[in-house]
Amino acid sequence: MLQRKATFRSRQGAVDMRGRINPALLIIGLVAALMLLAVARQLGLVTLPPHYDPFSPPDLRERPYWLTSTKLLVLDNDPAACSAALAQAGLNGILLPPANQGRACHLDATVMLSRLSGAAIRQEQTRCSIAARMYLWDRFVLQPAALRHYGQRASEVLHFGSYNCRTIHNSSHMSEHATANAFDIAGVRLAGGRVISVKKAWTAGGTDAAFLRELRDGACGDFNMTLSPDYNADHADHLHVDMGWLHGCH
Ligand SMILES: [Zn+2]
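Residues numbered from 1 in each chain as written. Predicted model: local features only at pLDDT ≥ 70, side-chain atom pairs only at ≥ 80, totals over all residues.

1. A look at the overall build of the protein
Looking only at helices and strands, the protein has seven helices and 10 strands in total. C-alpha extents for the protein along the principal axes are approximately 70 × 45 × 40 Å. Out of the 250 residues in the protein, the part that is buried amounts to 32%. Looking at the protein alone, contacts between residues at least 24 apart form 47% of all its contacts between residues at least 6 apart. (Helix = DSSP H or I, 4+ residues; strand = E, 2+ residues; numbered from the N terminus. Buried ≥ 20, exposed ≤ 12 C-beta atoms within 10 Å, placed from the backbone. Contact = placed C-beta atoms within 7 Å.)

Here is the structure:
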């Protein structure tokens, strides 16, 4: 009897009599609560401190925490907020004029990225939200990993660029590079001058290979898609990261 009652209740609420959580109802409840919060916030009925406000842009200098991925969505959808977040972190947040170059190639909400948190980077035009994530990856993945593995900071991120009006190799689909919504990381220069390239070090084993895998795994937490040499031969010499619709970590 108790069993039947518990089963019946489980269909009614997010938590049944045994304390089991109904995931679907929980998600619906959370979404409804977020929507209510958004409306209340818009009407000025609720004011949350920025640290606890899921609709306020993140402070990129702040160590990522449970709300960071939600707050980063604000940067993806609000170029002005993204620009301000980059400026707050000490980067060039000036948004460049949009440009449509045909073949589904267009530049929108882009900035000129010329440095990261600790590492330099050869100047490259990229989407603001990509720049923000590159900054986070440098600050909270690359620099700690370089210190741990080599006892020195990373001085430069070497790359193959962001914008490239092209399709995916051997495909008719446009690449995320066609909208500068991606970045190709070729390697890292350490403060002492040594270069660790994906092309040479990925398969070399030892510390360099472990270091690069840590950079790949960390990028998976910052970007929607991360592709390494483990994915296919097209990525044998770089880590591809992007903020497209598809999610993956390879
Ligand atoms: Zn790429």
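Next comes the rest of the write-up.
2. Some thoughts on helix α4 (residues 79-88)
Listed as buried for α4 are Cys-82, Ser-83, Ala-85 and Leu-86. In an axial view of α4, the angular spread of the buried residues amounts to 160°, which keeps them on one side of the axis. Of the surrounding elements, those touching the buried residues of α4 are α3 (68-77), β3 (110-115) and α5 (128-150). (Arc of directions from axis to C-beta.)

3. A short note on the nonpolar core
Formed by 46 residues in total, the largest nonpolar core has its most connected members in Leu-86, Ala-131, Ala-132, Tyr-135 and Leu-142. The dominant element in this core, judged by the number of residues it contributes, is α5, at 13 residues. (Core = buried A, V, L, I, M, F, W, Y, C linked by C-beta atoms within 7 Å.)

4. So, the pairing of β3
Direction of pairing for β3 relative to strand β4 (residues 120-127): antiparallel, over a ladder of five bridges. Looking across to β4, one finds that Thr-110 is bridged to Arg-127. Counting the residues that bridge the hairpin from β3 to β4 gives four residues. (Pairing = 2+ DSSP bridges.)

5. Quick notes on the environment of Ala-180
Structurally, Ala-180 is set in the loop between β5 (154-161) and β6 (182-190). On a C-alpha basis, the gap between Ala-180 and Ala-146 in space is 27 Å, while along the polypeptide they are 34 residues apart.

6. Side note on the environment of Ala-104
You can see Ala-104 is positioned in the loop between β1 (99-100) and β2 (106-107). A C-alpha to C-alpha distance of 24 Å links Ala-104 and Ile-94, two positions 10 residues apart in sequence. Residues contacting Ala-104, with those up to four places away along its chain left out, are Met-174 and Ala-178.

7. Points about unusual backbone geometry
A positive phi angle is found at Ala-109, which is not glycine, with a value near 55°. Along the chain, Ala-109 turns up in the loop between β2 and β3. The backbone of Ala-180 sits at a positive phi, close to 60°, despite the residue not being glycine.

8. Side note on the packing of α4 against α5
Where α4 contacts α5, the axes come no closer than 9 Å and their chain directions differ by 30°. In terms of axis orientation, α4 runs roughly parallel to α5. For α4 against α5, the interelement crossing comes out left-handed. Mapping the contact onto sequence places Pro-79, Cys-82, Ser-83, Ala-85 and Leu-86 in α4 and Cys-128, Ser-129, Ala-131 and Ala-132 in α5. When its residues are assigned to classes, the contact of α4 with α5 shows seven nonpolar, two polar and no charged. (Axes fitted to C-alpha atoms, helices over the stretch in contact; angles between N-to-C directions. Parallel < 35°, antiparallel > 145°, perpendicular 65-115°, else oblique. Left-handed = near helix turned anticlockwise from the far one by under 90°. Nonpolar A, V, L, I, M, F, W, Y, C, P; charged D, E, K, R; others polar.)

9. What about the pairing of β4?
As judged from the two bridges shared by β4 and β5, these two strands associate in the parallel manner. If you follow Ile-121 over to β5, its bridge partner there is Val-157. Taken together, β4, α5 and β5 constitute a β-α-β crossover, and its handedness is left-handed. (Right-handed = clockwise from strand over helix to strand, strands pointing away.)

10. A few points about the packing of α5 against helix α7 (residues 206-222)
At a minimum axis distance of 10 Å, the contact between α5 and α7 shows a crossing angle of 155°. When the axes of α5 and α7 are compared, the pair comes out roughly antiparallel. Our pair here, α5 against α7, has a crossing hand that is right-handed. From α5, Arg-133, Leu-136, Trp-137, Val-141, Leu-142, Ala-145 and His-149 reach across to α7, where they touch Thr-207, Phe-211, Glu-214, Leu-215, Gly-218, Ala-219 and Asp-222. Classifying every residue of the contact of α5 with α7 by side-chain character gives eight nonpolar, three polar and three charged.

11. A word on the confidence of the model for the protein
With 92% of its residues at a pLDDT of 70 or more, the protein shows a mean pLDDT of 90. Scored below 50 in pLDDT, residues 1-12 makes nine contacts in the model with residues more than four places away or belonging to other chains. (pLDDT = per-residue confidence, 0-100.)

12. Focus: the environment of Phe-183
Locating Phe-183 in the fold gives a position in strand β6. For the pair Phe-183 and Ser-56, spaced 127 residues apart in the sequence, the C-alpha separation amounts to 25 Å.

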